[in-house]
Amino acid sequence: MYRLTDAQRARVRELLSRMTLEEKIGQMNQESMSIVGGFDVPFEELIEMLTDGRLPKEEFDKIMSTAKTDYHEDEVREGLVGSLMVQDAEKYNELQHIAVEESRLGIPLLIGLDVIHGFRTVYPIAIAEAGTFDEKLFQRTAAMAAKESRSQGINWHFAPMVDVARDARWGRVSEGPGEDTRLASRFARAKIQGLQGDMSSPENYVAACLKHYVAYGACESGRDYNTASMAPAQLYNVYLPPFRAAVEAGAATVMASFNDLNGVPCTVNRLTLRQILKGEWKFPGLVVSDANAIRECVNHGIAADQYDAGVQAANAGMDIDMGTRIYIKELKRAVEEGKVPLSVIDEAAERILSVKMWLGLFEHPYVSPELAARYETLPEAHLALAREAGERSIVLLKNENGLLPLDKSKKISLVGKLAAERTEVVGAWALSWRESDCVSIQDGFDNAGANYRYFPCCGPEGELDQAQLEEAAAWGDVIVAVVGETTAMSGEASSKADITLPGKQRELLEKLLAGGKPVAALLMNGRPLALEWESVHVPAILECWHLGVQMGNAVASVLFGDRAPEGKLASSFPRMTGQCPIYYSHPNTGRPGGKGKFTSRYLDAGWEPLYPFGYGLSYTEFAYDGLEVKDAGDTLMVSVDVRNTGSRPGVETVQLYTRDVTASIVRPVKELKDFAKAALAPGEQKRVTMAVQKNDLGFFNDAGQYVLEDGKFIVYVGGNSRDCLSQEIEVTF
Ligand code: NOJ
């Protein structure tokens, strides 16, 4: 929990009283390492030139071999840098030494990094992990990541990302907990507890950074950085709650998003930053911009120039400028000209120093050699957790005639380039892993002692090798085809207008199926895909996402039946890309989707997703019965019998949804309120009970007020958001 003691607060104030204006503004400046060398264009442009083909790779490598890395040591010494991005303990100690020993006031640096789903030990990407519906797991992976990164001096994670995302075209769906507000809120809270919860030693915790505040996931048409517009009620009901939950759980920092919201970029948005976050929610921590976002306010057309952008950002409550140097260049003049009140600078500096104080950086600025070496070899416990998280994130989408699990002594043709790519298991936004720690699916087959031969055949890009394909189809008794997307196809700046299987992979599946052997498709991807064709033709489909360093072992456990699949979808899978955005919790139309002509549907894709939110099969089956909803005063007590009707053990995620039937604004057809796990042996039955607080049945109106309205509610319980038992109840508040 982010909270300072009175003594710490007094120390911050005392320090503040000794700071010059420049030093205060210096705290508001965040630098990252820059590459400098004998080239005429900025480094970013060099990268652009490499990416768009203007600069050949050999030429680029030649330039880089003479380039130098600048960590802004001189500015640190002058007290003009408050935070930096660094990845290793040696550099960290060097820079921290300059800040603490050589700057006038000895203020330590905050060191931030994108540690999104693990540091050295990379866990499943967030959209996969969210599908475990296990808050303890969310917390455990975060806590281990915090320890690993802090051993290198990184004391600030640019995580968790808690953007509700309902459009699978947006590449960043991979980084967040999916489409549902309630699941995202629980995920957010658990991550804060994991990252910040263990304050027994400064080695054990970091400052979390909630991002991207706010509505970044609502970018129009799923195109990254695009505009977002919505009514206040939608903002309050859908996009703000995960942030609020995490602020209430004690998150220390928040990052504003790139997008504009209703015409005002979130970087300079007084409503979301000053009024809601710092005002209504009384957020005590600091706010950082996203990278270069203050400068981009000129591109948005909301600021005339960099000076204007800096003034607007500071006044809106943006405490730290990530990467543009606009604050350091312009804010002093802005204060002198009366454009930014000194109180704004004081407030920002106080918030920043407070986070540093809370992190223990003033007492423990350095990393010891033993700490720096502690995770050099990944500890068994971290690997075991990565494997467990991986196994439990896998979602079984289809399993015709019980094709899975496979008998690993059968002859298996393992197909697909992705199966052997160690560097593809970690997913987007993983920065600090080592290839030598990564277990590919092929490695997993080896470790499990499977009887297989490997045929690369084709990947998400490039051609299909017909000869290999024929061999693969002929050799195995069963074929496992690993298909999907490369890591680079999801994550930031990776939106797609077509989310079917890329490249020749559909053709690969068609041809393998034509050989007549059973085919199981293993998907590796960072977003929901449009799999209508595959769902009809491929007998078994296992969604494996990007599961982190233990991916291959996790996949082998589930594929060969050592563990039953347990994961559920945190995001609906559309039938066709054109259905995006698609999500279960939609408001009803006057003409709900149906078979009739004049209903809300697509002529060519209906109105329902292919696989809904919360969906995921097991190797066994679960039956639901005996739903009971009781009014117990402040709560509704909801009970249901869940029975394992198959012949294997399994774990079911029991989901509870509600619907407010008639209200003063149109309410969603279903909203997740709670969930519970039931581990059941074959034939076993358990009565699962969940409680819904009645005051959790309200909603925000367009004035941002939370209202509770008496009336009829429907309670739904089931194993996914579509297939549920239901019961009506009259609720009075
Ligand atoms: C841009 C991304 O939007 C954000 O998620 C990330 O934390 C920053 N860059 C810093 O790398």
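Residues numbered from 1 in each chain as written. Predicted model: local features only at pLDDT ≥ 70, side-chain atom pairs only at ≥ 80, totals over all residues. Heavy atoms only, no water.

Visitor: Which residues make up the sheet that holds strand β7 (residues 209–213), and what values go with them?
Guide: Read from one edge of the open sheet, 3 strands run β7-β8-β11, paired in parallel fashion. Among the strands making up the open sheet, the edge pair consists of β7 and β11 (286–288). Taken over all neighbouring pairs, the strand axes of this sheet differ in orientation by 25° on average, direction set aside. Here 3 bridges tie β7 to strand β8 (residues 253–256), and the two strands are oriented parallel to one another. (Pairing = 2+ DSSP bridges. Helix = DSSP H or I, 4+ residues; strand = E, 2+ residues; numbered from the N terminus. Axes fitted to C-alpha atoms, helices over the stretch in contact; angles between N-to-C directions.)

Visitor: Which residues make up the side chain of Asp167, and what are the values?
Guide: Mapping Asp167 onto the fold places it in the loop between β6 (156–157) and α9 (181–196). Classification of Asp167 by relative accessible area gives buried; the value is 5%. Side-chain polar atoms of Asp167 contact the side chain of Arg169, separated by 2.7 Å. In this structure the side chain of Asp167 is engaged in a polar contact, spanning 3.4 Å, whose partner is the backbone nitrogen of Gly222. Ignoring any residue separated from it by four or fewer positions in sequence, one finds Asp167 in contact with Val173, Ser221, Gly222, Cys580 and Pro581. (Buried < 20%, exposed > 50% of the residue type's maximum accessible area, 1.4 Å probe, protein only. Polar contact = N/O pair within 3.5 Å; in protein donor to acceptor, adjacent residues only side chain to side chain. Contact = heavy atoms within 4.5 Å.)

Visitor: Go over the environment of Ala605 with me, naming the residues and quoting the values.
Guide: If you trace the backbone, Ala605 turns up in the loop between α23 (551–559) and β19 (622–632). Each C-alpha atom of the pair Ala605 and Met576 lies 6.8 Å from the other, and the pair is 29 residues apart in sequence. Excluding its chain neighbours within four sequence positions, the residues that come into contact with Ala605 are Arg575, Met576 and Gln579.

Visitor: So what's going on with the site of the ligand? Residues and values would help.
Guide: Around the ligand, a shell composed of Asp114, Phe158, Arg172, Lys211, His212, Met255, Phe258, Asp290, Ala291, Met322, Trp429 and Glu492 is seen. Here an oxygen atom of the ligand and a side-chain polar atom of Asp114 are 2.4 Å apart. With respect to the ligand, the side chain of Asp290 contributes an N or O atom lying 2.5 Å from an oxygen atom. Contact with the protein chains removes 94% of the 300 Å² of surface that the ligand exposes when unbound. Taken together, the residues that form the shell around the ligand break down as 6 nonpolar, 1 polar and 5 charged. (Near = heavy atom within 4 Å. Areas by Shrake-Rupley, 256 points an atom, 1.4 Å probe, with all protein chains shown as cover. Nonpolar A, V, L, I, M, F, W, Y, C, P; charged D, E, K, R; others polar.)

Visitor: Mind laying out the pairing of strand β17 (residues 519–524), listing which residues take part and the relevant values?
Guide: Among the 6 residues of β17, 6 are classified as buried, and the element is accordingly described as predominantly covered. Note: strand β16 (residues 478–484) against β17, 6 bridges, orientation parallel. The residue of β17 that forms the bridge with Val483 is Leu523. Where the polypeptide runs from β16 across helix α21 (residues 505–514) and back to β17, its parallel neighbour, the crossover connection is right-handed. Bridge count between β17 and strand β18 (residues 540–543): 4 bridges; the pairing is parallel. The residue of β18 that forms the bridge with Ala521 is Ile541. Handedness of the crossover is the feature at issue here: the chain leaves β17, passes through helix α22 (residues 532–537), returns alongside β18, and the resulting connection is right-handed. (Right-handed = clockwise from strand over helix to strand, strands pointing away.)

Visitor: Report on the pattern of salt bridges, specifying residues and quantitative values.
Guide: Summed over all chains, the structure comprises 57 salt bridges. A salt bridge links Glu463 to Lys504; the nearest nitrogen and oxygen atoms lie 3.8 Å apart. Here the residue Glu463 occupies a position in the loop between β15 (452–455) and α20 (466–475), and Lys504 occupies one in the loop between β16 and α21, the gap between them amounting to 41 residues. By relative accessible area, which is 59% here, Glu463 ends up exposed. Among the salt bridges present, the one from Arg722 reaches Asp723, with a minimum N-O distance of 3.1 Å. The partly exposed category is assigned to Arg722, whose relative accessible area is 39%. The network of salt bridges with common partners includes Asp134, Arg140, Glu388, Arg392, Glu566 and Lys677. (Salt bridge = Lys/Arg side-chain N within 4 Å of Asp/Glu carboxyl O.)

Visitor: Could you give an account of the packing of helix α8 (residues 135–150) against α9, naming the residues involved and the relevant values?
Guide: Direction vectors running N to C along α8 and α9 enclose 35°, while the axes themselves pass 7 Å from each other. When the axes of α8 and α9 are compared, the crossing they make is right-handed. Taken together, the residues of α9 that come into contact with α8 (itself represented by Glu135, Phe138, Gln139, Thr141, Ala142, Ala143 and Ala146) are Arg186, Phe187, Arg189, Ala190, Lys191, Gln193, Gly194 and Leu195. (Left-handed = near helix turned anticlockwise from the far one by under 90°.)

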